[in-house]
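# Structural features, examined
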Amino acid sequence: MPTRRPVAALAVAAGLVVIAGATTGLLLTRHSTPAMRPVAVGVGAVPAPTGPIVGAFPSPTAPIVAVSQRAVPKPVAAPVSLTIPLIGVQTNLLTLGLASDGTLQVPPPNMVSVAGWFTGSPRPGAIGSSIIVGHIDGGGGNVKGVFFRLRQLSAGDKIYVKRSDGTLVEFRVTAVQQYAKDHFPTQAVYGAVPDPELRLITCDGTFDLATGHYLSNIVVYATEVS
Amino acid sequence: MKFRRTTRRLLMLLATSALLLGIPAAATAFAGSATSGTGWIRLAHLSPNTPAVDVYLYSFDDSKAMIVLHHVAYGTVSPYESVRAGDYSVAMRATGASPTSQPVLSTSVTIAARHAYTVAGMGPESGLRLQVLDDDLTTPSGQALVRVIQASLKQQVVKVAVGSTVLSSSLKFAAVSPYQAVSPGAATVTLTAGGTKATSSVTCAAGTVHTFVVLDSASGLEVVNLEDASGSGKPPLGGVSTGFGGTAGHGPGSPVPWLLAIGAGSLLALTGGLRLRRSRQLAIRI
């Protein structure tokens, strides 16, 4: 039956195409991690805020430093807003405490576009590690959070915090680190440091559908610029 | 031969483009040096009868001073400077002395990443020495950490208490007490020596590290309260839940549909192949 031959050949071809397609699909879905999140640095950038920049400490690169006897420095005002020009972040700051389970409070689901300062940490610009957190995204519909592009920051990028007395503090990024949440380095992030520093925290890594949480955190480390 | 060469070229091209695409992605992901590479240092003059000095900080491999503090008088403690971990030396010269002149005193200090140090001129002028103090940055949860540097020459032995907690019952001149955890809040530091007594109100928040420096003052004794470091008094537990997954690539899902499709494809190809072979055999027989 010679008429059957084209049909049989077609079946072989179709079978091979299905195998190739399904194998590709299988492999691609095995590797669909948000590490592939597209990056576009500089897009939607906002200008640096203006205002008096109050530096408490001389720059370590300056060779000459004059000092006077130092007691406990004057307390600084509470932070009210955060600007990160490079990644287009401009947000007011909520105040956040600890949740009843001892974890850090986060902005509510209807406020993913706003960041918050952890009131249990030092104020930005005071000695110590000040903590500001924000969401990477909302619950659905591809809603991006205030810190969606936080992972795009790298050493040297600038961060500004405005305080309630109108003063502005400028920070410079020193490092960006990703940590699995079950190996979160509490001491490195929340521990005491002897100079004015800032840590910005959001989520990253794989989103676990079972728990409704990302498996990793991104921490941006920054120090005050005078 | 030509075919093989073409194949090799194609493979090279594929490998190169993979590298070109992959490397920048990996490099931009976490540029930025780790914070682990820096430590902190501060300089102090705590010798009561030594005149003001100029203090120099040198990186071990650089003869040019990194930091110069001019006219540092007794009782002065500089802010901490963040520096790359490594070996440094600290030199003291008389105020106004040439930067190239022989220092009065010098010492070396190794700065470890994420550690803080105080290098202080201590003791009487006749026995002046540069002492390197290891500064603690680890506070017990919910508490403050305090220590005392005794830099009073007038009162050679001082009892120091914060609230009702005695930090040292007899701290000698030029000695440093161990760190002690204290309850956070406002308290009174009391210095007692011989017949004299001095008090000062301090506030030590949870998560902070303080150094109380006992100094000779015009009227007797005084205490300077230095806030050395600060962090979260009660650190949050674990990671931070800052995302709801709206932009997450959906998880891998079940591999079963893909495996079923592969199976079906194999079946189809196999059946077609068998038919093809049988019809070819038939054609030959005919």
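All values reported here derive from a predicted model rather than from experimental measurement. (Residues numbered from 1 in each chain as written. Chains lettered and ligands numbered in written order. Predicted model: local features only at pLDDT ≥ 70, side-chain atom pairs only at ≥ 80, totals over all residues.)

Residue and element names in this part refer to chain A. Predicted confidence across chain A gives a mean pLDDT of 84, with 79% of residues reaching 70 or more. Under a pLDDT of 50 for its full length, residues 31-41 has, in the predicted model, 15 contacts with residues more than four places off or in other chains. Here residues 55-69 is modelled with pLDDT under 50, and outside its nearest four sequence neighbours on either side it reaches 36 contacts, counting other chains as well. (pLDDT = per-residue confidence, 0-100. Contact = placed C-beta atoms within 7 Å.)

Residues and elements named next belong to chain A. Read once around its circumference, the closed barrel built from 8 strands follows the order β2-β3-β4-β5-β8-β9-β7-β6, with strand pairing classed as mixed. Each strand of the sheet is rotated relative to its neighbour by a mean of 35°, with strand direction disregarded. As judged from the 4 bridges shared by strand β2 (residues 79-84) and strand β3 (residues 89-96), these two strands associate in the antiparallel manner. When the bridges of β3 are listed, L82 appears paired with T91. (Pairing = 2+ DSSP bridges. Helix = DSSP H or I, 4+ residues; strand = E, 2+ residues; numbered from the N terminus. Axes fitted to C-alpha atoms, helices over the stretch in contact; angles between N-to-C directions.)

Residues and elements named next belong to chain B. Burial within strand β1 (residues 38-46) is extensive, with 9 of its 9 residues counted as buried. Burial along β1 is two-sided: T38, W40, R42, A44 and L46 facing one way and G39, I41, L43 and H45 facing the other are all buried. Direction of pairing for β1 relative to strand β5 (residues 81-84): antiparallel, over a ladder of 4 bridges. Residue pairing in the sheet places W40 in a bridge with S82 of β5. Taken together, the 7 bridges between β1 and strand β8 (residues 116-122) define a ladder with parallel strand orientation. Its bridge partner lying in β8, R42 is registered against T118. Across 2 bridges, the pairing between β1 and strand β4 (residues 76-77) is antiparallel. Within β4, the position partnered with H45 by the bridge is T76. (Buried ≥ 20, exposed ≤ 12 C-beta atoms within 10 Å, placed from the backbone.)

Each strand in a sheet pairs with its neighbour through backbone hydrogen bonds, running either in the same direction (parallel) or in the opposite one (antiparallel). All names here are of chain B. Here 4 strands make up an open sheet; going across it, the order is β12-β11-β14-β15 and the pairing antiparallel. With partners counted over all chains shown, the strands left at the sheet margins are β12 (165-172) and β15 (196-204), one partner each. Neighbour to neighbour, the strand axes of the sheet diverge by 15° on average, direction disregarded. Both strand β14 (residues 185-193) and β15 contribute to a ladder of 9 bridges, which runs antiparallel. What sits directly across from T192, in β15, is K197.

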